[in-house]
Amino acid sequence: MDNWDPQVVDELAARRRVITYDNRGVGASGGSTPDTIEAMARDTVLFIRALGLDQVDLLGLSTSLTVQDMLKATLRHYLFFTQTEGGQRAAREFLARLKERTDDRDKAISGSRSAPN
């Protein structure tokens, strides 16, 4: 969840109940990371059912793509933003907001895990 813009999460939370979690083996969660999208989806359904929820709005980010995109954003201020002066200012503000939350942050992502066969 550390890669989500706090402004976006806070805005959602002002109107809806927001529950953030890392799938098994991701961030601060224990266990082994699932090898397939189907396994990740199954874990998510089990998590939702364990909370006793019947309906949810689900948002997510792919970790390896997020790391690559965040690196690109940091180096070029490119992710989600135009190359205009206003777009670059918005990119810098976004990157600054990512540092706002300091409690319970995820473990650093190494990026050394190879893709499943």
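Keep in mind that this is a model prediction, so the values were computed, not measured.

S.K.: Please provide a residue-by-residue account of a nonpolar patch on the surface, values included.
M.R.: There is a patch of nonpolar side chains on the surface, built from Val8, Leu12, Val18 and Leu59 and spanning about 310 Å² of accessible area. Following the sequence through the fold, valine 8 ends up in helix H1 (residues 6–15).

S.K.: Report on the environment of isoleucine 48, specifying residues and quantitative values.
M.R.: In this structure, isoleucine 48 sits in helix H2 (residues 37–50). With near-sequence residues (within four places) excluded, isoleucine 48 lies in contact with Leu53 and Val56.

S.K.: If you had to explain the pattern of salt bridges to someone new, which residues and values would you point to?
M.R.: In total, this model carries four salt bridges according to the counting rule given. The shortest N-O distance in the salt bridge between aspartate 5 and arginine 97 comes to 2.6 Å. Separated by 92 residues along the polypeptide, aspartate 5 in the segment before H1 and arginine 97 in helix H4 (residues 85–97) bring together distant segments of the chain. Overall, the relative accessible area of 9% leaves aspartate 5 in the buried class. Residue classification places arginine 97 among the buried residues on the basis of a relative accessible area of 17%. Between arginine 16 and aspartate 57 there is a salt bridge; the shortest N-O distance is 2.7 Å. Here the residue arginine 16 occupies a position in the loop between H1 and H2, and aspartate 57 occupies one in the loop between H2 and helix H3 (63–76), the gap between them amounting to 41 residues.

S.K.: Break down the packing of aromatic side chains for me, with residues and values.
M.R.: Enumeration according to the criterion identifies one aromatic pair in this entry. Both rings, one in tyrosine 21 and one in phenylalanine 47, keep their centres 4.3 Å apart while their planes meet at 20°; by these two values the pair is stacked. A residue pair is termed long-range when its members are at least 10 positions apart, and tyrosine 21 in the loop between H1 and H2 and phenylalanine 47 in helix H2 qualify at 26 residues.

S.K.: Mind laying out the confidence of the model for the chain, listing which residues take part and the relevant values?
M.R.: Mean pLDDT over the chain works out to 78, with 69% of the residues at or above the 70 mark. The least confident element of the chain is H3, whose mean pLDDT is 62; the most confident is H2, at 91. With pLDDT under 50 throughout, residues 111–117 is counted as low confidence; its partners more than four residues away or in other chains account for four contacts.

Basis of the calculations
- Residues numbered from 1 in each chain as written.
- Predicted model: local features only at pLDDT ≥ 70, side-chain atom pairs only at ≥ 80, totals over all residues.
- Heavy atoms only, no water.
- Patch = residues over 30% accessible without salt bridge, like charges linked within 9 Å, V, L, I, M, F, W, Y side chains within 5 Å.
- Areas by Shrake-Rupley, 256 points an atom, 1.4 Å probe, with all protein chains shown as cover.
- Salt bridge = Lys/Arg side-chain N within 4 Å of Asp/Glu carboxyl O.
- Helix = DSSP H or I, 4+ residues; strand = E, 2+ residues; numbered from the N terminus.
- Contact = heavy atoms within 4.5 Å.
- Buried < 20%, exposed > 50% of the residue type's maximum accessible area, 1.4 Å probe, protein only.
- Phe/Tyr/Trp six-rings, centres within 6.5 Å; stacked < 30°, edge-to-face > 60°.
- pLDDT = per-residue confidence, 0-100.

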